[in-house]
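# A closer look at the structure
These are the residues of each chain, in order.
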Amino acid sequence: MMKTYSGGCLCGSIRFEAQSDPLKLKPHSCCCKNCQQHTGALTAVWVEFAAQAVRWTGEGGEPASYRSSHYSKRAFCSACGSSIGAIDDEPVIALLLGCIDDNNQPEFAPEYTSFEDMKPDWWHPDRR
């Protein structure tokens, strides 16, 4: 079953529609230094789409990008600076969950965390 997800940046210049089978989104969080610097957060939550399943629909067109590794570029809005996701060479586009309009969907629950060893030693989200 295909489902369409929409979202965009803080100012609305970059908008997207992405289609996927909800079982193929590979939702995950990541604590690597690239994700931390790209988002300004200690962890980022991503969902993945085939590149051909993502359409850039906003007046800003495709997001600006920065090559952050040998296999991926980080995508962001050149107008407001919002992080949008990562455009991998595979071709996969991983969108940040915070950019998706309705991100309170059960299929978005992260299945795993990458680079958990890069979280700060003091961070224990399960402690209250």
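Residues numbered from 1 in each chain as written. Predicted model: local features only at pLDDT ≥ 70, side-chain atom pairs only at ≥ 80, totals over all residues. Heavy atoms only, no water.

## Some remarks on the pattern of salt bridges
With the rule as written, the count across this model stands at five salt bridges. Between Glu-116 and Lys-119 there is a salt bridge; the shortest N-O distance is 3.6 Å. On the basis of relative accessible area, Glu-116 is assigned to the partly exposed category, the value being 46%. (Salt bridge = Lys/Arg side-chain N within 4 Å of Asp/Glu carboxyl O. Buried < 20%, exposed > 50% of the residue type's maximum accessible area, 1.4 Å probe, protein only.)

## A short note on the side chain of Ser-83
Mapped onto the secondary structure, Ser-83 falls in strand S8 (residues 83-88). The class for Ser-83 is buried, based on a relative accessible area of 16%. At 2.5 Å, the side chain of Ser-83 and the backbone oxygen of His-38 are in polar contact. In contact with Ser-83, not counting residues within four places along its chain, are His-38, Thr-39, Ala-75, Phe-76, Leu-96 and Cys-99. (Helix = DSSP H or I, 4+ residues; strand = E, 2+ residues; numbered from the N terminus. Polar contact = N/O pair within 3.5 Å; in protein donor to acceptor, adjacent residues only side chain to side chain. Contact = heavy atoms within 4.5 Å.)

## Some points on the side chain of Ser-20
Structurally, the position occupied by Ser-20 is in strand S2 (residues 15-20). With a relative accessible area of 8%, Ser-20 lands in the buried category. If we ignore the near neighbours within four places in the chain, the residues touching Ser-20 are Met-1, Met-2, Lys-3, Tyr-5, Leu-25 and Phe-49.

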